[in-house]
Amino acid sequence: MSGASKPSFMALALAEAERAGERGEVPVGAVVVESGTGSVLASAGNRVEELRDPTAHAEMLVLRAAAERQGAPRLTDCDLYVSLEPCAMCAAAISFARVRRLYFGASDPKGGGVEHGPRIFTQPTCHHRPEVYGGIDDARSPLINLSPIGYCHRPSCTARARPGDP
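In this text, all values refer to a predicted model and were calculated from it rather than measured experimentally.

*Asks:* How would you summarise the sheet that holds strand β4 (residues 101-106) if you had to cite specific residues and measurements?
*Replies:* In sheet architecture, strand pairing relies on hydrogen bonds along the backbone and comes in two forms, parallel and antiparallel. The strand order across the open sheet built from five strands is β2-β1-β3-β4-β5, with neighbouring strands paired in mixed fashion. For this open sheet the edge positions go to β2 (39-45) and β5 (131-133), each flanked by a neighbour on one side alone. The mean angle between the axes of side-by-side strands here comes to 15°, regardless of whether they run parallel or antiparallel. Pairing between strand β1 (residues 29-34) and β2: six bridges, direction antiparallel. Residue pairing across strands places V31 opposite S43, the latter belonging to β2. Where helix α3 (residues 58-70) meets the sheet, its contacts fall on β1, β2 and β3 (78-84), and the angle it forms with β2 comes to roughly 145°.

The structure is reproduced here in structure tokens:
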């Protein structure tokens, strides 16, 4: 997908998030883009439940796939688009992968690890600090926090549609 703009890369991440939600996963999607060419190297949605793997977050899946495709563990010429602020685990992986820029949609005050919680990139032990841009297409991002039946799977989500939910 050469020549796509930032919003369209975020749209791809949001589409992955929507597909993840349809599969019963926490609806988060991610896309890795080679910055020089604008080529999408990898895209994925969460697959934690499907793979029975607590590390199968969308960000982890695309970082692994992009590194394999590039033939190197460092993605210094790549940008990452994520529908939701990455958690601490994913933020650490983004640092280790040396991602150039991180763009994310909605903030996650409870589970986020970039602008909230441990703020991984501000820690003195952080190996690499990507440029970070939050709130990209965030008007649409909160919508993917809801499953098709309207129940939010994300612990930080305040939307509850099932009877008896707090």
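Next, the rest of the story.
*Asks:* Residue-level account of the pattern of salt bridges, with values.
*Replies:* Tallied over the entire structure, the rule returns five salt bridges. Across the pair R47 and E50 runs a salt bridge, and its minimum N-O distance is 2.3 Å. Across the pair R100 and D79 runs a salt bridge whose closest N-O atoms are separated by 2.9 Å. With R100 in the loop between α4 (88-97) and β4 and D79 in strand β3, this residue pair connects regions lying 21 residues apart in the sequence. The structure contains a network of salt bridges with shared partners spanning R23, R47 and E50.

*Asks:* How would you explain the state of the cysteines if you had to name every residue and give the values?
*Replies:* Considering all chains together, one arrives at zero disulfides under this definition. You can see C87 has no disulfide; the closest cysteine sulfur is in C90, sitting 3.7 Å from it. Given the relative accessible area of 14%, C87 is considered buried. For C90, a relative accessible area of 0% translates into the label buried.

*Asks:* Summarise the pairing of β4; cite the residues concerned and give the values.
*Replies:* With five of six residues buried, β4 is to be regarded as a mostly interior element. Alignment of β3 against β4, held across five bridges, turns out to be parallel. Directly across from L84, in β4, lies its bridge partner A106. Considered for its hand, the β-α-β crossover made up of β3, α4 and β4 is right-handed. In this sheet, β5 lies alongside β4 in parallel orientation, the contact comprising three bridges. Residue pairing across strands places Y103 opposite Y133, the latter belonging to β5.

Cut-offs and rules
Residues numbered from 1 in each chain as written. Predicted model: local features only at pLDDT ≥ 70, side-chain atom pairs only at ≥ 80, totals over all residues. Heavy atoms only, no water. Pairing = 2+ DSSP bridges. Helix = DSSP H or I, 4+ residues; strand = E, 2+ residues; numbered from the N terminus. Axes fitted to C-alpha atoms, helices over the stretch in contact; angles between N-to-C directions. Contact = heavy atoms within 4.5 Å. Salt bridge = Lys/Arg side-chain N within 4 Å of Asp/Glu carboxyl O. Disulfide = S-S within 2.5 Å. Buried < 20%, exposed > 50% of the residue type's maximum accessible area, 1.4 Å probe, protein only. Right-handed = clockwise from strand over helix to strand, strands pointing away.

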